[in-house]
Amino acid sequence: MHSQILLNNGFPVRILELEAKGINGIRGKTAIHFNPCINVIWGIEGLDKTAVLRILENAFFDSKRIRKNIFCSAGDYKITCSSLNGKMEIIHNRITGSAPYSYGPNQPLHIKSGISNWFIKRTLFADKDEDLTGNQLLNYHLARECFSLLDPELSFQGIKTGTGDVIIKTPGGSVPFDYLSRGYQNCICQIHTMIKGAEQAGRDEDICVRDFRGCILVEEIEEGISPSLQIQLLAALRKIFPKTQLIITSSSPYILQSLYSDEIILVVKDRKGGVQYR
C-alpha cells in the first residue's frame, strides 16, 4: 500500500472528473466521474488500474510516470477539479513521448511506513506542550484510536521509557508494537502518516483531520494485508476521513464486497485491448 496527498499550488483539491485517451493502458477515450468520498478503482490483476493515479500525479506533481499508449500517436487528458475555496479549475495535458519514469519539481507528499516520530512526540508531549492546538490534540487522539479501529481487542497503552517502544495492550498482555503482524503494523503506519499529512496539508490552517476535504491517493490498498484486515482498514478509513476524497486502486474481492455501488469504478478491457473505466 502506497499513499500520497494531492496538492495544487500547495493547497488540497478534490477531483470531479477525468477524461483520458491514449495514455498507459488507456487506448480509447474514457471518462470518470468521482464522488466526494470513497472511489475504488477495481479490476482483476493485469489490468491497468493505476493509469488514473499516474495521470493525477502528472497533473499535480509533474510526474513523468505516464506514457502514450503504444498503439496511439499521442495521448491527452483533461481533469476538472475544485479547490477548498470552491474555485473550479481544468487541467489539460498532451502526452507524446515514452520517456523513462521520473518526477518533476513538485514532489508528491508520499506516505511512508513505520511508526512516525510525529506520533511518538505527540504521545510524549501531548499533556505538556501548551503550543498544541485543540485540533492537533484531536488528531493525536484519532491516531491513538486507530489501533482499536483496526482490531477492537487491541489498544494503545503508551511509550516505554528508555527504549521508546510503542506498547499495545492485547488480551494476552502488553506487547511492543513490532510484535504484532506485519499487515497490522503497515495499516497503522499508513493511517498515522495519512493523518499527519492531512494535518500538514492545511498549510497555516488549524484543521481537524476528520474535516479534511482534500484528496488522498491510495495504491493497492490490500497489499500485504489479510482479507479480514482489508475490511477493517476500509471501515477505519471511513471513520477517520469522513469528508476526505479517497481514490484507491484494488484487485481484492474483499474490498469490492465492502463497497457501495457508487464507490466502485470498474476497470474492464475494451475491444481494442486497452482498458475502460465504468
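Residues numbered from 1 in each chain as written. Predicted model: local features only at pLDDT ≥ 70, side-chain atom pairs only at ≥ 80, totals over all residues. Heavy atoms only, no water.

## Quick notes on the nonpolar core
(1) Moving on: Core analysis: the largest hydrophobic core is formed by 50 residues, its most contacted members being Ile 195 and Ile 240.
(2) Moving on: Examining the composition of this core, we find that nine residues originate from one element, helix H4 (residues 182–201), more than from any other.
(3) Moving on: Setting aside anything within four residues of it in sequence, one finds Ile 195 in contact with Trp 118, Asn 139, Leu 142, Ala 143, Cys 146, Val 209, Ile 240 and Phe 241.
(4) Moving on: Residues Ile 15, Ile 79, Ile 265 and Val 275 belong to the second largest nonpolar core, which totals 31 residues. (Core = buried A, V, L, I, M, F, W, Y, C linked by side-chain atoms within 4.5 Å. Buried < 20%, exposed > 50% of the residue type's maximum accessible area, 1.4 Å probe, protein only. Helix = DSSP H or I, 4+ residues; strand = E, 2+ residues; numbered from the N terminus. Contact = heavy atoms within 4.5 Å.)

## Examining the confidence of the model for the chain
(1) Moving on: Mean pLDDT over the chain works out to 86, with 91% of the residues at or above the 70 mark.
(2) Moving on: Looking across the chain, the model is least confident in strand S7 (residues 109–111), with a mean pLDDT of 45, and most confident in strand S4 (residues 38–42), with 96.
(3) Moving on: Taken together, the stretch residues 100–113 has pLDDT below 50 and engages in 43 contacts with residues farther than four places along the chain or on a different chain. (pLDDT = per-residue confidence, 0-100.)

## Description of a positive patch on the surface
(1) Moving on: Residues Lys 21, Lys 29, Lys 78 and Lys 272 make up a contiguous surface patch of positive charge.
(2) Moving on: On the secondary structure map, Lys 78 appears in strand S5 (residues 75–83). (Patch = residues over 30% accessible without salt bridge, like charges linked within 9 Å, V, L, I, M, F, W, Y side chains within 5 Å. Areas by Shrake-Rupley, 256 points an atom, 1.4 Å probe, with all protein chains shown as cover. Salt bridge = Lys/Arg side-chain N within 4 Å of Asp/Glu carboxyl O. Lys, Arg positive; Asp, Glu negative; His and termini not counted. Charge placed at Lys NZ, Arg CZ, Asp CG, Glu CD.)

## Comments concerning the pairing of strand S8 (residues 155–159)
(1) Moving on: Examined bridge by bridge, S8 and strand S9 (residues 166–170) share four bridges and lie antiparallel to one another. By the bridge assignment for S9, Gly 158 is matched with Ile 167.
(2) Moving on: The antiparallel hairpin formed by S8 and S9 contains six residues in its connecting segment, where Gly 162 sits at a positive phi of about 100°. (Pairing = 2+ DSSP bridges.)

## Observations regarding the state of the cysteines
(1) Moving on: Going through the model one piece at a time under the given rule, you end up with zero disulfides.
(2) Moving on: Looking at Cys 81, it has no disulfide partner, and the nearest cysteine sulfur is the one in Cys 215, 9.9 Å off.
(3) Moving on: Cys 208 forms no disulfide, and the closest cysteine sulfur to it belongs to Cys 146, at a distance of 12 Å. (Disulfide = S-S within 2.5 Å.)

## Overview of the pattern of salt bridges
Two side chains of opposite charge can pair, provided their charged atoms sit close to one another.
(1) Moving on: Scanning the model with the defined rule gives seven salt bridges in all.
(2) Moving on: The shortest N-O distance in the salt bridge between Glu 57 and Arg 54 comes to 3.2 Å. With Glu 57 and Arg 54 both in helix H1 (residues 51–61) and three residues apart, this pair spans about one turn of that helix.
(3) Moving on: You can call Glu 57 buried: its relative accessible area is 0%.
(4) Moving on: As a salt-bridge pair, Glu 263 and Arg 238 come within 2.7 Å of each other at their nearest N and O atoms. Of this pair, Glu 263 sits in the loop between helix H6 (253–257) and strand S13 (264–269) while Arg 238 sits in helix H5 (residues 227–240), and the two are 25 residues apart along the sequence.
(5) Moving on: Taking the relative accessible area as the measure of exposure, Glu 263 reaches 7% and is therefore buried.
(6) Moving on: Three or more residues are tied together by salt bridges with common partners; here these are Arg 54, Glu 57, Arg 65 and Glu 219.

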